Amino acid sequence: MSRHFDAIIIGTGQAGPSLAARFATAGKAVAIIERHKFGGTCVNTGCIPTKTLIASANAGHAARRGAEFGFVINGDVRVDMKRVKARKDEISGRSNKGVEEWLRGLQNCTVIQGHARFETSHSVVVNDEVLEADKVFINVGGRATVPAFPGIHDVPFFTNSSMVDVDFLPEHLVIVGGSYVGLEFGQMYRRFGSEVTIVEMGPRLIGREDEDVSDAVQKILELEGIRIVLNAKCISLAKRDSCIAVGVECTEGSPEVLGTHILLAVGRTPNTHDLGLDRAGVATDERGYVVVDDQLQTNVPGIWALGDCNGRGAFTHTAYNDYEIVADNLFNADRRRVSDRIQTYALYTDPPLGRCGMTDAEIRKSGRAALAVKHSMSRVGRAVEKGETQGFIKITVDAETKQILGAAILGTGGDEVVQVLLDVMYAKAPYTVVQRAMHIHPTVAEFLPTVLSKLQPFA
Ligand SMILES: Cc1cc2nc3c(=O)[nH]c(=O)nc-3n(C[C@H](O)[C@H](O)[C@H](O)COP(=O)(O)OP(=O)(O)OC[C@H]3O[C@@H](n4cnc5c(N)ncnc54)[C@H](O)[C@@H]3O)c2cc1C
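Within any chain, residue numbers begin from 1 and follow the written order of that chain's sequence. Confidence filtering applies because this is a predicted model: local features only for residues at pLDDT of at least 70, side-chain atom pairs given and counted only at 80 or more, and all residues used for totals across whole chains, interfaces and linings. For side-chain calculations, the full set of non-hydrogen atoms in the structure is used, while hydrogens and water are omitted.

K.L.:
Which parts of the structure should I look at to understand the pattern of salt bridges?
P.N.:
Pairing between side chains of opposite charge can happen when their charged atoms approach one another. By salt bridge we mean one thing: a side-chain nitrogen of Lys or Arg within 4 Å of a carboxyl oxygen of Asp or Glu. Applying the stated criterion to the full structure yields 27 salt bridges. The salt bridge involving Glu101 is made with Lys97; its shortest N-O contact spans 3.8 Å. One end of the pair is Glu101 and the other is Lys97, both in helix α4 (residues 81-104) and 4 residues apart, which spans about a single turn. Each of Asp210, Asp212, Asp360, Lys374 and Lys394 takes part in salt bridges that share partners, so that together they form one network. Secondary structure counts use DSSP, requiring at least four H or I residues in a row for a helix and at least two E residues in a row for a strand, with both numbered from the N terminus.

K.L.:
Got a minute to help me understand the pairing of strand β5 (residues 123-126) in this structure?
P.N.:
Sheet faces and side chains relate simply in a regular strand, where the side chains alternate between the two faces. Strand direction decides the pairing type here: strand β4 (residues 117-120) and β5, joined by 3 bridges, are antiparallel. Paired with Arg117 across the two strands is Val125, which belongs to β5. For two strands to be treated as a pair, DSSP must find at least two bridges joining them. Between β4 and β5, which pair antiparallel in sequence order, lie 2 residues. Sheet analysis places β5 next to strand β6 (residues 129-138), joined by 4 bridges and oriented antiparallel. Paired with Val126 across the strands is Glu129, a residue of β6. The loop that links β5 with its antiparallel partner β6 comprises 2 residues; one of these, Asn127, has a positive phi angle of about 45 degrees.

K.L.:
Before we go on, may I ask you to explain unusual backbone geometry in this structure?
P.N.:
Excluding glycine, residues mostly carry a negative phi; peptide bonds, for their part, are mostly trans. With an omega of 0 degrees, the peptide bond between Asp350 and Pro351 qualifies as cis. Here Pro351 lies in the loop between β17 (344-347) and β18 (353-357). The backbone phi angle of Asn108 is positive, close to 75 degrees, even though this residue is not glycine. Secondary-structure assignment places Asn108 in the loop between α4 and β3 (109-113). According to the relative accessible area criterion, Asn108 is partly exposed, its value standing at 38%. Positive phi values are uncommon outside glycine, yet Lys402 reaches one of about 65 degrees. Given the relative accessible area of 39%, Lys402 is considered partly exposed. Note on classification: 1.4 Å probe, protein chains only; a residue is buried when its accessible area is under 20% of the maximum for its type, exposed when over 50%, partly exposed between these limits.

K.L.:
Help me understand the packing of aromatic side chains, please; the structure alone is not making it clear to me.
P.N.:
How two aromatic rings sit relative to each other is set out by the distance from centre to centre and by the angle between their planes. Note on ring pairs: Phe, Tyr and Trp rings are taken, using the six-membered ring of Trp, and paired if centres are within 6.5 Å. Classes follow the plane angle, with under 30 degrees stacked, over 60 edge-to-face and the rest tilted. One pass over the full model with this rule turns up 7 aromatic pairs. Their ring planes at 55 degrees and their centres at 5.2 Å tell us that Tyr320 and Tyr323 sit as a pair that is tilted. Here Tyr320 pairs with Tyr323, and both are found in helix α9 (residues 316-331), just 3 residues apart, close to one helical turn. In textbook terms, an aromatic cluster arises when at least three aromatic residues are bridged by ring pairs, as seen for Phe23, Phe137, Trp304 and Phe331. Note on geometry: a ring has a charge over it if NZ (lysine) or CZ (arginine) is within 6 Å of the ring centre and within 35 degrees of the ring normal. The side chain of Arg22 reaches across the aromatic face of Phe331, ending 4.4 Å from its centre. Lying across the ring of Phe392, Lys374 places its NZ or CZ 4.3 Å from the centre.

Written out as C-alpha coordinates, the structure reads:
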(Lines give C-alpha, C1' and ligand atoms only; values in the text may rest on other atoms or scores of the structure.)
Protein backbone atom coordinates (compact mmCIF):
# COMPACT_ATOMS: atom_id res chain seq x y z
CA MET A 1 0.00 0.00 0.00
CA SER A 2 1.32 3.44 -0.82
CA ARG A 3 -0.11 6.93 -1.03
CA HIS A 4 0.54 9.13 -4.02
CA PHE A 5 1.09 12.90 -3.88
CA ASP A 6 2.04 15.56 -6.41
CA ALA A 7 4.87 16.61 -4.12
CA ILE A 8 6.60 15.37 -0.97
CA ILE A 9 8.55 17.81 1.21
CA ILE A 10 10.93 16.48 3.85
CA GLY A 11 11.46 18.96 6.70
CA THR A 12 9.55 21.98 7.96
CA GLY A 13 12.43 24.47 8.21
CA GLN A 14 12.55 27.77 6.39
CA ALA A 15 11.78 26.55 2.86
CA GLY A 16 9.48 23.54 3.23
CA PRO A 17 6.35 25.10 4.76
CA SER A 18 6.14 27.96 2.23
CA LEU A 19 6.65 25.50 -0.60
CA ALA A 20 3.93 23.23 0.82
CA ALA A 21 1.57 26.22 0.93
CA ARG A 22 2.47 27.08 -2.68
CA PHE A 23 1.62 23.55 -3.87
CA ALA A 24 -1.52 23.36 -1.75
CA THR A 25 -2.92 26.68 -2.94
CA ALA A 26 -2.25 25.61 -6.54
CA GLY A 27 -4.59 22.67 -5.86
CA LYS A 28 -1.81 20.07 -5.76
CA ALA A 29 -1.70 17.26 -3.20
CA VAL A 30 1.38 17.74 -1.04
CA ALA A 31 2.76 15.78 1.92
CA ILE A 32 5.14 17.49 4.34
CA ILE A 33 7.08 15.41 6.84
CA GLU A 34 8.70 16.56 10.10
CA ARG A 35 10.56 14.30 12.50
CA HIS A 36 11.07 16.74 15.34
CA LYS A 37 9.88 20.31 15.92
CA PHE A 38 7.89 22.30 13.40
CA GLY A 39 9.84 25.28 12.11
CA GLY A 40 13.24 23.59 12.34
CA THR A 41 16.45 25.21 13.56
CA CYS A 42 15.62 28.90 13.19
CA VAL A 43 12.38 28.68 15.14
CA ASN A 44 13.42 26.22 17.86
CA THR A 45 17.18 26.29 18.42
CA GLY A 46 18.61 29.02 16.16
CA CYS A 47 17.64 32.57 15.19
CA ILE A 48 14.47 33.10 17.24
CA PRO A 49 15.61 31.68 20.59
CA THR A 50 19.09 33.22 20.34
CA LYS A 51 17.84 36.67 19.34
CA THR A 52 15.25 36.51 22.12
CA LEU A 53 17.93 35.55 24.67
CA ILE A 54 20.24 38.26 23.29
CA ALA A 55 17.46 40.80 23.84
CA SER A 56 17.32 39.78 27.52
CA ALA A 57 21.11 39.97 27.83
CA ASN A 58 21.18 43.41 26.20
CA ALA A 59 18.42 44.68 28.49
CA GLY A 60 20.56 43.67 31.48
CA HIS A 61 23.59 45.34 29.93
CA ALA A 62 21.66 48.57 29.35
CA ALA A 63 20.44 48.48 32.96
CA ARG A 64 24.03 48.13 34.20
CA ARG A 65 24.94 51.20 32.12
CA GLY A 66 22.02 53.10 33.64
CA ALA A 67 24.20 55.58 35.56
CA GLU A 68 25.79 56.76 32.27
CA PHE A 69 22.32 57.79 31.11
CA GLY A 70 21.25 59.32 34.40
CA PHE A 71 19.44 56.41 36.02
CA VAL A 72 19.89 55.29 39.60
CA ILE A 73 19.68 51.59 40.29
CA ASN A 74 19.48 50.55 43.92
CA GLY A 75 21.38 47.26 44.13
CA ASP A 76 22.82 44.85 41.62
CA VAL A 77 21.30 44.06 38.25
CA ARG A 78 20.96 40.28 38.33
CA VAL A 79 19.53 37.84 35.86
CA ASP A 80 16.70 35.41 36.59
CA MET A 81 17.50 32.70 34.07
CA LYS A 82 14.21 30.89 34.61
CA ARG A 83 12.32 34.01 33.53
CA VAL A 84 14.72 34.65 30.66
CA LYS A 85 14.08 31.10 29.44
CA ALA A 86 10.32 31.41 29.96
CA ARG A 87 10.30 34.53 27.75
CA LYS A 88 12.31 32.69 25.11
CA ASP A 89 10.03 29.62 25.33
CA GLU A 90 6.97 31.79 24.86
CA ILE A 91 8.28 33.61 21.77
CA SER A 92 9.90 30.61 20.14
CA GLY A 93 6.96 28.35 21.07
CA ARG A 94 4.52 30.73 19.43
CA SER A 95 6.40 30.45 16.12
CA ASN A 96 6.69 26.69 16.41
CA LYS A 97 2.95 26.39 17.02
CA GLY A 98 2.22 28.90 14.25
CA VAL A 99 4.07 26.81 11.65
CA GLU A 100 2.30 23.61 12.70
CA GLU A 101 -1.15 25.19 12.75
CA TRP A 102 -0.56 26.87 9.40
CA LEU A 103 0.45 23.59 7.74
CA ARG A 104 -2.36 21.58 9.33
CA GLY A 105 -4.88 24.21 8.23
CA LEU A 106 -3.86 24.04 4.55
CA GLN A 107 -6.25 22.31 2.19
CA ASN A 108 -4.52 19.66 0.02
CA CYS A 109 -1.65 19.42 2.50
CA THR A 110 -1.03 16.24 4.52
CA VAL A 111 1.19 16.73 7.56
CA ILE A 112 3.05 13.65 8.73
CA GLN A 113 5.23 13.40 11.83
CA GLY A 114 8.08 10.93 11.59
CA HIS A 115 11.48 10.31 10.10
CA ALA A 116 11.49 10.23 6.29
CA ARG A 117 13.84 8.03 4.31
CA PHE A 118 14.04 7.54 0.55
CA GLU A 119 13.06 4.09 -0.70
CA THR A 120 13.55 4.91 -4.37
CA SER A 121 14.03 8.19 -6.24
CA HIS A 122 10.28 8.85 -6.08
CA SER A 123 9.19 7.14 -2.90
CA VAL A 124 9.78 7.87 0.73
CA VAL A 125 9.05 5.74 3.81
CA VAL A 126 7.70 7.33 7.00
CA ASN A 127 6.39 5.38 9.98
CA ASP A 128 6.37 2.21 7.79
CA GLU A 129 4.16 3.88 5.19
CA VAL A 130 5.33 4.39 1.60
CA LEU A 131 4.60 7.78 0.03
CA GLU A 132 5.15 8.39 -3.67
CA ALA A 133 5.43 11.59 -5.68
CA ASP A 134 6.83 12.85 -8.98
CA LYS A 135 8.54 15.69 -7.13
CA VAL A 136 10.44 15.41 -3.84
CA PHE A 137 11.94 18.37 -2.00
CA ILE A 138 14.62 17.89 0.66
CA ASN A 139 14.67 20.59 3.35
CA VAL A 140 16.34 18.68 6.19
CA GLY A 141 18.68 21.39 7.50
CA GLY A 142 21.65 20.65 9.72
CA ARG A 143 22.79 20.11 13.28
CA ALA A 144 25.71 21.19 15.44
CA THR A 145 28.93 19.43 14.54
CA VAL A 146 30.38 17.37 17.39
CA PRO A 147 34.03 16.73 16.52
CA ALA A 148 35.89 13.69 17.79
CA PHE A 149 37.96 15.74 20.28
CA PRO A 150 39.92 13.54 22.69
CA GLY A 151 37.78 13.21 25.83
CA ILE A 152 34.53 14.26 24.13
CA HIS A 153 32.71 11.23 25.58
CA ASP A 154 34.02 11.86 29.11
CA VAL A 155 32.46 15.26 29.72
CA PRO A 156 28.99 16.79 29.40
CA PHE A 157 28.73 19.55 26.81
CA PHE A 158 26.11 21.82 25.28
CA THR A 159 25.41 22.56 21.65
CA ASN A 160 23.17 25.39 20.43
CA SER A 161 20.17 23.04 20.74
CA SER A 162 20.61 22.29 24.45
CA MET A 163 22.07 25.71 25.31
CA VAL A 164 18.84 27.55 24.46
CA ASP A 165 17.11 25.48 27.16
CA VAL A 166 19.49 26.39 29.97
CA ASP A 167 17.61 27.93 32.91
CA PHE A 168 20.55 28.55 35.26
CA LEU A 169 23.65 30.70 35.15
CA PRO A 170 26.85 28.76 34.42
CA GLU A 171 29.67 30.02 36.61
CA HIS A 172 32.28 29.82 33.85
CA LEU A 173 31.17 28.98 30.31
CA VAL A 174 33.92 27.88 27.96
CA ILE A 175 32.85 28.15 24.33
CA VAL A 176 34.80 26.12 21.82
CA GLY A 177 34.49 27.96 18.49
CA GLY A 178 34.95 31.67 17.87
CA SER A 179 32.62 32.12 14.94
CA TYR A 180 29.09 33.55 14.63
CA VAL A 181 27.23 31.15 16.96
CA GLY A 182 30.02 31.10 19.57
CA LEU A 183 30.34 34.88 19.72
CA GLU A 184 26.59 35.46 20.06
CA PHE A 185 26.35 33.01 22.96
CA GLY A 186 29.60 34.35 24.46
CA GLN A 187 28.48 37.95 24.76
CA MET A 188 25.00 36.85 25.81
CA TYR A 189 26.27 34.76 28.75
CA ARG A 190 28.82 37.39 29.77
CA ARG A 191 25.97 39.89 29.96
CA PHE A 192 23.86 37.39 31.95
CA GLY A 193 26.76 37.36 34.42
CA SER A 194 28.83 34.26 33.64
CA GLU A 195 32.56 34.23 33.27
CA VAL A 196 33.16 33.42 29.60
CA THR A 197 36.18 32.10 27.72
CA ILE A 198 36.07 31.61 23.95
CA VAL A 199 38.56 29.12 22.55
CA GLU A 200 39.20 29.41 18.82
CA MET A 201 41.38 27.12 16.73
CA GLY A 202 42.23 29.74 14.12
CA PRO A 203 44.46 32.79 14.51
CA ARG A 204 41.47 35.14 14.88
CA LEU A 205 37.73 35.24 15.60
CA ILE A 206 35.17 35.02 12.74
CA GLY A 207 37.90 33.97 10.33
CA ARG A 208 35.73 34.48 7.23
CA GLU A 209 35.64 38.22 7.90
CA ASP A 210 38.40 40.72 7.17
CA GLU A 211 41.09 41.05 9.82
CA ASP A 212 40.03 44.55 10.90
CA VAL A 213 36.50 43.27 11.52
CA SER A 214 37.77 40.28 13.53
CA ASP A 215 40.08 42.52 15.57
CA ALA A 216 37.38 45.09 16.32
CA VAL A 217 34.89 42.42 17.41
CA GLN A 218 37.57 40.82 19.61
CA LYS A 219 38.28 44.16 21.32
CA ILE A 220 34.56 44.76 21.92
CA LEU A 221 34.20 41.35 23.56
CA GLU A 222 37.39 41.67 25.60
CA LEU A 223 36.27 45.05 26.93
CA GLU A 224 33.30 43.26 28.45
CA GLY A 225 35.61 40.83 30.22
CA ILE A 226 35.40 37.87 27.82
CA ARG A 227 38.65 35.94 27.66
CA ILE A 228 39.67 34.90 24.17
CA VAL A 229 42.16 32.12 23.44
CA LEU A 230 43.26 31.91 19.81
CA ASN A 231 45.39 29.39 17.89
CA ALA A 232 44.08 26.50 19.97
CA LYS A 233 45.50 23.89 17.66
CA CYS A 234 44.62 20.72 19.55
CA ILE A 235 41.42 20.77 21.55
CA SER A 236 40.87 18.08 24.15
CA LEU A 237 38.36 17.77 26.97
CA ALA A 238 38.74 16.23 30.43
CA LYS A 239 37.07 16.25 33.84
CA ARG A 240 38.95 18.07 36.63
CA ASP A 241 37.09 17.75 39.95
CA SER A 242 33.97 19.89 39.54
CA CYS A 243 35.32 21.56 36.39
CA ILE A 244 35.90 20.67 32.76
CA ALA A 245 39.34 21.28 31.34
CA VAL A 246 39.76 22.30 27.72
CA GLY A 247 43.24 21.51 26.44
CA VAL A 248 44.32 23.95 23.76
CA GLU A 249 47.78 22.79 22.75
CA CYS A 250 49.16 19.55 21.40
CA THR A 251 51.87 19.10 24.00
CA GLU A 252 51.24 17.21 27.22
CA GLY A 253 51.16 19.30 30.39
CA SER A 254 50.40 22.46 28.43
CA PRO A 255 48.08 25.06 29.97
CA GLU A 256 44.37 24.31 30.01
CA VAL A 257 41.26 26.44 30.17
CA LEU A 258 39.09 25.44 33.13
CA GLY A 259 35.37 26.04 33.11
CA THR A 260 32.20 24.75 34.72
CA HIS A 261 30.31 24.25 31.44
CA ILE A 262 31.25 23.77 27.79
CA LEU A 263 29.43 24.90 24.68
CA LEU A 264 30.54 23.42 21.37
CA ALA A 265 30.06 25.89 18.52
CA VAL A 266 32.37 24.56 15.85
CA GLY A 267 30.15 24.44 12.79
CA ARG A 268 27.19 22.60 11.31
CA THR A 269 26.69 19.18 9.71
CA PRO A 270 23.90 18.57 7.17
CA ASN A 271 21.18 16.07 8.18
CA THR A 272 21.72 13.92 5.12
CA HIS A 273 23.32 10.79 6.56
CA ASP A 274 20.06 9.07 7.56
CA LEU A 275 17.89 10.02 4.59
CA GLY A 276 18.51 7.03 2.31
CA LEU A 277 19.98 9.33 -0.35
CA ASP A 278 21.95 6.41 -1.79
CA ARG A 279 18.69 4.56 -2.55
CA ALA A 280 17.46 7.57 -4.47
CA GLY A 281 20.83 8.01 -6.19
CA VAL A 282 21.15 11.61 -4.93
CA ALA A 283 24.74 12.83 -4.90
CA THR A 284 26.33 14.55 -1.90
CA ASP A 285 29.71 16.22 -1.59
CA GLU A 286 32.52 15.09 0.71
CA ARG A 287 30.94 16.97 3.65
CA GLY A 288 27.48 15.47 3.15
CA TYR A 289 25.81 18.46 1.46
CA VAL A 290 23.38 17.59 -1.33
CA VAL A 291 24.85 18.68 -4.65
CA VAL A 292 22.47 21.01 -6.51
CA ASP A 293 22.52 23.11 -9.66
CA ASP A 294 21.77 26.81 -9.94
CA GLN A 295 18.02 26.09 -9.70
CA LEU A 296 18.49 23.74 -6.72
CA GLN A 297 17.81 20.50 -8.60
CA THR A 298 19.84 17.51 -7.52
CA ASN A 299 21.45 15.10 -9.99
CA VAL A 300 18.20 13.06 -9.90
CA PRO A 301 15.38 14.55 -12.01
CA GLY A 302 12.40 15.42 -9.82
CA ILE A 303 14.38 15.86 -6.58
CA TRP A 304 15.38 19.28 -5.26
CA ALA A 305 17.31 20.27 -2.10
CA LEU A 306 16.66 23.55 -0.29
CA GLY A 307 18.13 25.35 2.71
CA ASP A 308 21.21 24.52 4.77
CA CYS A 309 21.43 20.92 3.50
CA ASN A 310 22.52 22.03 0.01
CA GLY A 311 25.54 23.96 1.26
CA ARG A 312 24.60 27.03 -0.80
CA GLY A 313 23.71 29.12 2.25
CA ALA A 314 23.58 28.80 6.02
CA PHE A 315 20.92 31.33 6.91
CA THR A 316 17.19 31.58 7.23
CA HIS A 317 17.07 34.13 4.44
CA THR A 318 19.07 31.87 2.09
CA ALA A 319 16.74 28.93 2.87
CA TYR A 320 13.69 31.11 2.23
CA ASN A 321 15.27 32.47 -0.94
CA ASP A 322 15.78 28.84 -2.04
CA TYR A 323 12.01 28.36 -1.66
CA GLU A 324 11.37 31.46 -3.80
CA ILE A 325 13.77 30.25 -6.50
CA VAL A 326 12.20 26.78 -6.69
CA ALA A 327 8.61 28.08 -6.52
CA ASP A 328 9.19 30.74 -9.19
CA ASN A 329 10.85 28.20 -11.48
CA LEU A 330 8.04 25.68 -11.04
CA PHE A 331 4.96 27.86 -10.86
CA ASN A 332 5.82 31.12 -12.65
CA ALA A 333 8.29 29.95 -15.32
CA ASP A 334 10.64 32.54 -13.84
CA ARG A 335 14.17 31.18 -14.24
CA ARG A 336 15.52 32.56 -10.95
CA ARG A 337 18.92 31.23 -9.90
CA VAL A 338 21.00 30.94 -6.74
CA SER A 339 23.86 32.77 -8.44
CA ASP A 340 21.64 35.87 -8.75
CA ARG A 341 21.74 36.48 -5.03
CA ILE A 342 24.20 38.65 -3.18
CA GLN A 343 25.79 37.39 0.02
CA THR A 344 24.41 39.13 3.09
CA TYR A 345 24.03 38.34 6.78
CA ALA A 346 24.48 39.75 10.26
CA LEU A 347 26.34 38.79 13.40
CA TYR A 348 24.10 39.67 16.34
CA THR A 349 26.68 40.76 18.84
CA ASP A 350 26.13 44.21 20.34
CA PRO A 351 26.94 46.22 18.33
CA PRO A 352 25.91 43.98 15.42
CA LEU A 353 27.87 43.41 12.26
CA GLY A 354 25.89 43.81 9.03
CA ARG A 355 27.59 42.42 5.95
CA CYS A 356 26.88 42.43 2.24
CA GLY A 357 28.83 41.48 -0.85
CA MET A 358 32.54 40.76 -0.97
CA THR A 359 35.11 41.04 1.80
CA ASP A 360 38.30 43.05 1.23
CA ALA A 361 40.19 39.79 0.89
CA GLU A 362 37.83 38.62 -1.88
CA ILE A 363 38.09 41.96 -3.68
CA ARG A 364 41.88 41.85 -3.48
CA LYS A 365 41.86 38.32 -4.88
CA SER A 366 39.59 39.37 -7.76
CA GLY A 367 42.27 41.87 -8.79
CA ARG A 368 39.79 44.57 -9.78
CA ALA A 369 40.41 48.27 -9.29
CA ALA A 370 38.37 49.53 -6.36
CA LEU A 371 37.76 52.50 -4.09
CA ALA A 372 37.25 52.08 -0.36
CA VAL A 373 36.35 54.03 2.75
CA LYS A 374 36.26 53.30 6.47
CA HIS A 375 34.49 55.61 8.89
CA SER A 376 34.47 55.29 12.68
CA MET A 377 31.12 54.99 14.43
CA SER A 378 32.43 57.47 16.99
CA ARG A 379 31.89 60.12 14.26
CA VAL A 380 28.28 59.16 13.58
CA GLY A 381 25.90 61.49 15.41
CA ARG A 382 23.19 58.92 16.03
CA ALA A 383 25.72 56.52 17.58
CA VAL A 384 27.08 59.25 19.85
CA GLU A 385 23.58 60.21 21.02
CA LYS A 386 22.82 56.59 21.87
CA GLY A 387 26.18 56.09 23.61
CA GLU A 388 27.02 53.29 21.15
CA THR A 389 30.14 54.44 19.37
CA GLN A 390 31.99 51.14 18.90
CA GLY A 391 32.74 49.93 15.38
CA PHE A 392 32.92 51.35 11.88
CA ILE A 393 31.32 51.59 8.46
CA LYS A 394 33.41 50.14 5.66
CA ILE A 395 32.36 50.25 2.00
CA THR A 396 34.19 49.26 -1.18
CA VAL A 397 33.09 50.13 -4.71
CA ASP A 398 34.26 49.19 -8.19
CA ALA A 399 36.46 51.99 -9.54
CA GLU A 400 35.06 51.68 -13.07
CA THR A 401 31.36 50.81 -12.76
CA LYS A 402 30.95 52.64 -9.43
CA GLN A 403 28.85 49.72 -8.21
CA ILE A 404 29.15 48.71 -4.56
CA LEU A 405 31.24 45.57 -4.16
CA GLY A 406 30.91 45.00 -0.45
CA ALA A 407 30.29 46.54 2.96
CA ALA A 408 30.77 45.77 6.63
CA ILE A 409 28.86 47.86 9.12
CA LEU A 410 29.95 47.03 12.64
CA GLY A 411 27.96 49.38 14.80
CA THR A 412 24.60 50.29 16.17
CA GLY A 413 21.92 49.39 13.61
CA GLY A 414 24.52 47.77 11.33
CA ASP A 415 22.21 44.84 10.57
CA GLU A 416 19.55 47.21 9.20
CA VAL A 417 21.69 49.96 7.65
CA VAL A 418 23.69 47.57 5.47
CA GLN A 419 20.51 46.76 3.55
CA VAL A 420 20.40 50.29 2.11
CA LEU A 421 23.58 49.31 0.26
CA LEU A 422 22.34 45.81 -0.53
CA ASP A 423 19.29 47.04 -2.42
CA VAL A 424 21.44 49.41 -4.49
CA MET A 425 23.68 46.44 -5.28
CA TYR A 426 20.66 44.45 -6.50
CA ALA A 427 19.63 47.42 -8.64
CA LYS A 428 23.18 47.38 -10.10
CA ALA A 429 23.11 51.13 -9.56
CA PRO A 430 26.24 53.21 -8.87
CA TYR A 431 27.06 54.23 -5.27
CA THR A 432 26.31 57.82 -6.28
CA VAL A 433 22.61 56.99 -5.99
CA VAL A 434 23.09 56.54 -2.23
CA GLN A 435 25.42 59.52 -2.08
CA ARG A 436 22.80 61.82 -3.60
CA ALA A 437 19.83 60.44 -1.65
CA MET A 438 18.36 62.44 1.22
CA HIS A 439 18.10 60.27 4.34
CA ILE A 440 16.30 60.75 7.66
CA HIS A 441 18.08 62.67 10.41
CA PRO A 442 19.25 61.48 12.88
CA THR A 443 20.05 57.95 11.71
CA VAL A 444 23.16 55.93 10.98
CA ALA A 445 22.05 55.59 7.34
CA GLU A 446 22.11 59.37 6.87
CA PHE A 447 25.91 59.11 7.17
CA LEU A 448 26.27 56.84 4.15
CA PRO A 449 26.44 59.79 1.67
CA THR A 450 29.12 61.47 3.81
CA VAL A 451 31.07 58.24 4.11
CA LEU A 452 30.85 57.61 0.36
CA SER A 453 32.21 61.08 -0.38
CA LYS A 454 35.52 59.96 1.16
CA LEU A 455 36.31 57.01 -1.11
CA GLN A 456 40.02 56.49 -1.75
CA PRO A 457 41.92 54.01 -3.95
CA PHE A 458 41.67 50.57 -2.36
CA ALA A 459 45.04 49.30 -1.17
C1 LIG B 1 22.46 29.24 17.14
C2 LIG B 1 22.03 29.61 15.76
C3 LIG B 1 21.64 30.90 15.48
C4 LIG B 1 21.24 31.27 14.20
N5 LIG B 1 20.89 32.55 13.95
C6 LIG B 1 20.54 32.92 12.70
C7 LIG B 1 20.17 34.26 12.42
O8 LIG B 1 20.15 35.11 13.31
N9 LIG B 1 19.83 34.59 11.15
C10 LIG B 1 19.83 33.65 10.14
O11 LIG B 1 19.51 33.99 9.01
N12 LIG B 1 20.17 32.38 10.39
C13 LIG B 1 20.53 31.98 11.63
N14 LIG B 1 20.86 30.69 11.88
C15 LIG B 1 20.81 29.73 10.77
C16 LIG B 1 19.36 29.26 10.50
O17 LIG B 1 18.79 28.79 11.69
C18 LIG B 1 19.37 28.17 9.44
O19 LIG B 1 20.09 28.63 8.33
C20 LIG B 1 17.96 27.83 8.99
O21 LIG B 1 17.17 27.41 10.07
C22 LIG B 1 18.04 26.72 7.95
O23 LIG B 1 16.76 26.35 7.61
P24 LIG B 1 16.51 25.01 6.79
O25 LIG B 1 15.15 25.16 6.23
O26 LIG B 1 17.59 24.73 5.86
O27 LIG B 1 16.57 23.81 7.87
P28 LIG B 1 16.13 23.65 9.37
O29 LIG B 1 15.54 24.88 9.91
O30 LIG B 1 17.26 23.04 10.09
O31 LIG B 1 14.92 22.60 9.27
C32 LIG B 1 15.11 21.27 8.86
C33 LIG B 1 13.98 20.42 9.43
O34 LIG B 1 14.02 19.13 8.84
C35 LIG B 1 13.71 18.16 9.81
N36 LIG B 1 14.28 16.88 9.36
C37 LIG B 1 15.59 16.59 9.19
N38 LIG B 1 15.72 15.33 8.70
C39 LIG B 1 14.49 14.84 8.57
C40 LIG B 1 13.96 13.58 8.11
N41 LIG B 1 14.77 12.61 7.67
N42 LIG B 1 12.63 13.38 8.13
C43 LIG B 1 11.80 14.38 8.56
N44 LIG B 1 12.22 15.57 8.99
C45 LIG B 1 13.55 15.81 8.98
C46 LIG B 1 14.36 18.72 11.07
O47 LIG B 1 13.77 18.14 12.22
C48 LIG B 1 14.08 20.20 10.93
O49 LIG B 1 12.88 20.54 11.56
C50 LIG B 1 21.24 30.30 13.17
C51 LIG B 1 21.62 28.97 13.44
C52 LIG B 1 22.01 28.64 14.71
C53 LIG B 1 22.42 27.21 14.97
